[in-house]
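These are the residues of each chain, in order.
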Amino acid sequence: MKIAVLSCFYPFRGGIAQFNANLYLELGKSDIVKAYNFSRQYPDILFPGKTQYVTPDDEAVPVESEAVLDTANPLTWITAARKIREWKPDVLIMRYWMSWFAPSLGYVARNAGKECKVIGILDNVVPHEPRFFDTPFTKYFLNGCDGFITMCDAVTEDLLRLKPDAAYIMRNHPLYSHFGEKLPRQVAEKKLGLAGGKKNILFFGLIRQYKGLDILLEAFKGLSDDYQLIIAGEPYGSFEPYQRIIDSIPGKDRIHIFTHYIKDSEVKDYFSAADVTVLPYRSATQSGISSISYHFEVPMIVTDVGGLRSTIGERGTGIVARETTPECILEEIRHYFRHPEIVQNCVENIRKEKTRLSWHSFCRDLRDFAGTL
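A quick note: this is a predicted structure, and the numbers were derived from the prediction, not measured.

Teacher, can you tell me more about the overall build of the protein chain here?
Helices and strands together make up the secondary structure of the protein chain, namely 14 helices and 13 strands. Relative to a compact globule of 373 residues, whose C-alpha radius of gyration would be 21 Å, the protein chain shows 21 Å and is just as compact. Principal axes of the C-alpha set define a box for the protein chain whose edges measure 65 × 40 × 40 Å. Evaluated residue by residue, the protein chain yields a buried proportion of 57% over its 373 residues.

Right, dumping it as structure tokens:
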């Protein structure tokens, strides 16, 4: 089978590019695969981080790709569609996570060739930070595809609300496994400058308003001196609102802040030091952070939003807070550490999930689904 993948690849960085690299490499074990990249993913004015690209000291997986699509330049949409059409793939796969991409990807989907089946892998259908044009733009993209892969129930529900007749399969986010092996805890703590012998709580990933770091910081005010908090990730926007909360906490010396983009080789340091990962999200679909936490066998405390209950709570790999409030997060953190049997059960269930959530299984099901379209 000839499979084209149009999305962001190296030299773009971040979770989407990491996912695409893993997908490309696994599909390439049995199929002819060609990666088509963005020449420009977003205009800089729309990108809230420091850079969209890998830096010289990053260790992102290099993937050979052809940069064909500038999402802000319609002339390149025509060129991208033509190049894909000329390659004559059996299947075109595109990732979709925000409505900015709908016009360009929707155009390519409609012009990739009559014999080409177009599959959208949906990270989000409804964005975490919605805008008035999201629904019409997203419908345009969805109506150009033949089928979809969703990665949690919440995204499936959003898909069917906008496209009730959609052909789809739901497969959970595969595990990231390219971050290396877990380090001895003491080694990781020393690398990060952490005090030993404490209960380590990790907040990991890009810092955005919907991810609720402020909720976790307010909860941390109620924890005793034997807890410490690790914040690791690049802020999208100002960190000042969080810093004000941190400055108001008497135990702020127990909060360790690493507000830069975390390189692939550094990821293991944070998860190897952590007792638990906390995802205090105000909204969510699935989370790529949970896949990293699975890889390092670190249980999670999450809020009851989006697909987090079904992908974590119902799988027994973490605890789901009743409400998205500091009080509930504080209660669940205390509950988690008071009951060692909860920790052990979560770790055992994570090990079961690691077998189920392989890239091999995900790509096998993708191929089988493509054959039904």
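Explain the side chain of Asp 31 here, please?
In this structure, Asp 31 sits in the loop between helix H1 (15–27) and strand S2 (32–40). For Asp 31, a relative accessible area of 12% puts it in the buried group. Among the polar contacts made by the side chain of Asp 31, one reaches the side chain of Ser 30 at a distance of 3.0 Å. With residues near it in sequence (within four places) discarded, Asp 31 still touches Met 1, Ile 3 and Arg 367.

Could you clarify how one ought to interpret helix H6 (residues 185–192) in this entry?
Count 3.6 residues to each turn of an α-helix, and residues three or four apart come out pointing the same way. By the burial criterion, the buried members of H6 are Ala 188, Glu 189 and Leu 192. Taken down its axis, H6 places every buried residue within 100° of arc, on the same side. Summarising the geometry of H6, the exposed residues directed more than 90 degrees from the buried face are Gln 186, Lys 190 and Lys 191. Structurally, H6 contributes buried residues whose contacts are with strand S8 (199–204), strand S10 (255–258) and helix H9 (264–273). Two residues or fewer past H6, Gly 193 is found with a positive phi of approximately 75°.

For this particular structure, what's the right way to read empty space enclosed by the protein?
Regions of empty space are outlined by a rolling probe, equal in size to a water molecule, passed over the atoms. Under the criterion given, the structure shown has two cavities of 30 Å³ or more. For the second largest cavity, the calculated volume is near 80 Å³. The wall of the second largest cavity is formed by twelve residues, among which Asn 172, His 173, Ser 290, Tyr 294 and Thr 311 lie closest to the centre. Counting residues per element, the ones that place at least two in the lining of the second largest cavity are helix H10 (288–295) and helix H13 (340–356). Split by residue class, the lining of the second largest cavity holds three nonpolar, seven polar and two charged.

Explain helix H2 (residues 74–87) to me, please; I cannot follow it from the model alone.
Compared with the 20 Å implied by 1.5 Å per residue over 14 residues, the 20 Å span of H2 between its first and last C-alpha is a close match. Buried within H2 are the following residues: Thr 76, Trp 77, Ala 80, Ala 81, Ile 84 and Trp 87. Viewed end-on, H2 has its buried residues packed into an arc of 140°, placing them on one side of the element. Among the exposed residues of H2, those oriented more than 90 degrees off its buried face are Leu 75 and Glu 86. Against the buried residues of H2 lie strand S1 (2–6), S2, strand S3 (65–70), strand S4 (91–96) and helix H3 (102–110). Near the N-terminus of H2, the side chain that reaches the backbone nitrogen of Leu 75, with its oxygen 3.0 Å away, is that of Asn 73. Immediately beyond the C-terminal end of H2, within one or two residues, lies Lys 88, with a positive phi of roughly 60°.

Help me understand the pairing of strand S13 (residues 318–321), please; the structure alone is not making it clear to me.
As paired elements, strand S12 (residues 300–303) and S13 share four bridges and run parallel to each other. Note that in S13 the partner of Ile 301 across the bridge is Ile 319. For the segment spanning S12, helix H11 (residues 308–313) and S13, crossover handedness is right-handed.

Please explain the confidence of the model for the protein chain as it appears in this structure.
Note that predicted coordinates carrying low pLDDT should not be read in detail. For the protein chain, the average pLDDT comes to 91, and 94% of its residues sit at 70 or higher. For the protein chain, the element scoring lowest by mean pLDDT is H11, at 84; S1 scores highest, at 98.

Sorry, what's going on with the nonpolar core here?
For soluble globular proteins, the rule of thumb is that nonpolar side chains tend to be buried together. If you look at the biggest cluster of nonpolar residues, it comprises 58 residues, and the most contacted ones within it are Leu 23, Ile 93, Ile 121, Phe 204, Tyr 270, Phe 271 and Ile 292. Element by element, the count of residues in this core is highest for helix H14 (residues 359–370), at six residues. Leaving out residues up to four positions away in the same chain, Ile 121 has contacts with Phe 19, Leu 23, Ile 93, Met 94, Arg 95, Tyr 96, Ile 149, Met 151, Phe 362 and Leu 366. Trp 87, Phe 101, Ala 109 and Val 118 belong to the second-largest nonpolar core, a separate cluster that totals 40 residues.

Reading the values: rules and limits
- Residues numbered from 1 in each chain as written.
- Predicted model: local features only at pLDDT ≥ 70, side-chain atom pairs only at ≥ 80, totals over all residues.
- Heavy atoms only, no water.
- Helix = DSSP H or I, 4+ residues; strand = E, 2+ residues; numbered from the N terminus.
- Rg over C-alpha atoms; globule rule 2.2 N^0.38 Å.
- Buried < 20%, exposed > 50% of the residue type's maximum accessible area, 1.4 Å probe, protein only.
- Polar contact = N/O pair within 3.5 Å; in protein donor to acceptor, adjacent residues only side chain to side chain.
- Contact = heavy atoms within 4.5 Å.
- Arc of directions from axis to C-beta.
- 1 Å grid on protein atoms, 1.4 Å probe; cavity = no way out; pocket = protein on both sides within 12 Å on 5 of 7 lines; lining within 4 Å.
- Points joined across faces, edges and corners; volume = space filled by probe spheres on them.
- Nonpolar A, V, L, I, M, F, W, Y, C, P; charged D, E, K, R; others polar.
- Expected span 1.5 Å × (residues − 1).
- Pairing = 2+ DSSP bridges.
- Right-handed = clockwise from strand over helix to strand, strands pointing away.
- pLDDT = per-residue confidence, 0-100.
- Core = buried A, V, L, I, M, F, W, Y, C linked by side-chain atoms within 4.5 Å.

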